[in-house]
Amino acid sequence: MANNTRARRQARLSRSLGIALTPKAAKYMERRPYGPGEHGRARKKQDSDYAVRLREKQRLRAQYGIREAQMTRAFEEARRTKGLTGENLIELLEMRLDALVLRAGFARTIAQARQLVVHRHIMVDGVRVDRPSFRVGEGQLVHVHSRSETMVPLQVAAAGAHRDVLPAVPAYLDVKLEALQARLVRRPKRSEVPVTCEEQLVVEFYAR
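Just so it is clear, the structure is predicted and the values come from calculations on it, not from any experiment. (Residues numbered from 1 in each chain as written. Predicted model: local features only at pLDDT ≥ 70, side-chain atom pairs only at ≥ 80, totals over all residues. Heavy atoms only, no water.)

Considering helix H5 (residues 85-94)
Taken across its 10 residues, H5 has 9 buried, putting it largely inside the fold. Taken together, the buried positions of H5 are occupied by Thr85, Gly86, Asn88, Leu89, Ile90, Glu91, Leu92, Leu93 and Glu94. For H5, the elements touching its buried residues are helix H3 (49-64), helix H4 (68-80), helix H6 (97-104) and helix H9 (199-207). (Buried < 20%, exposed > 50% of the residue type's maximum accessible area, 1.4 Å probe, protein only. Helix = DSSP H or I, 4+ residues; strand = E, 2+ residues; numbered from the N terminus. Contact = heavy atoms within 4.5 Å.)

Structural data, given as structure tokens:
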């Protein structure tokens, strides 16, 4: 029941933001390609500039499943980093441990990836890490603890069962899926990160 409730909530949020946040939400959106609620089919009035920027920020947050405080901290770091703030922001978010667990194919959704980390199934360079926000460094190895490798969900992942619903493995990751190992070979580039976002609108939201 809890899983069904969560799935419906994610589907409703996906329809509201106009982006599929989970494979199940994608199926819901195929059947109902309009916003949720009784007025979902109605033509919407023109959004204000603020509303457009707010929605884009919410879309990015939802794709990484992070809280507003985490998003704000990431933005402040991105702003202090040399380069384009919007691109820096997405690149920093992509180096989160839970995001890389998802990209590697160890999990089907960002929520499942976070759960694997929190429950201490994931290691970085041989050390257990239970913080989804942990920043993985270039060259570090993300892998599943040996005692967890026999778990059914991870065996399913190792067999490649999630590859049909996930984007192709990005070039910044070297993945050995059958061994449940992934190495961050270099910092991600914005053009390679499989998230839907107009990052400049996010920058404008926080810079207002």
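Observations concerning the nonpolar core
One finds Leu60, Tyr64, Leu89, Leu97, Val101, Phe106 and Ile122 to be the most contacted residues of the largest nonpolar core, which totals 47 residues. Here this core takes 6 residues from H6, the largest share from any one element. Dropping the residues within four chain positions of it, Phe106 is found in contact with Val101, Leu116, Ile122, Val142, Val144, Leu154, Ala157, His162, Leu177, Leu180, Gln181 and Ala182. (Core = buried A, V, L, I, M, F, W, Y, C linked by side-chain atoms within 4.5 Å.)

Concerning the side chain of Asn88
Structurally, the position occupied by Asn88 is in helix H5. On the accessibility criterion, Asn88 (5% relative accessible area) is buried. Non-local contacts of Asn88, meaning those with residues more than four positions away in its chain, are made with Ala78, Thr81, Lys82, Gly83 and Arg187.

A few points about the side chain of His145
Positionally, His145 belongs in the loop between strand S3 (141-144) and helix H8 (152-158). With relative accessibility at 13%, the residue His145 sits in the buried group. Sequence-distant contacts of His145, that is, excluding residues within four places in its chain, are made with His121, Met123 and Arg128.

Here's the deal with the pattern of salt bridges
Proximity of charged atoms lets side chains of opposite charge pair with each other. The final tally for this structure, using the stated rule, is 14 salt bridges. Residue Glu94 pairs with Arg103 through a salt bridge whose shortest N-O separation is 2.5 Å. Each member of the pair, Glu94 as well as Arg103, carries the same accessibility label: buried. Linking Asp98 and Arg96 is a salt bridge whose minimum nitrogen-to-oxygen distance equals 3.1 Å. Accessibility assignment for this pair places Asp98 and Arg96 in one class, buried. Each of Lys57, Arg61 and Glu68 takes part in salt bridges that share partners, so that together they form one network. (Salt bridge = Lys/Arg side-chain N within 4 Å of Asp/Glu carboxyl O.)

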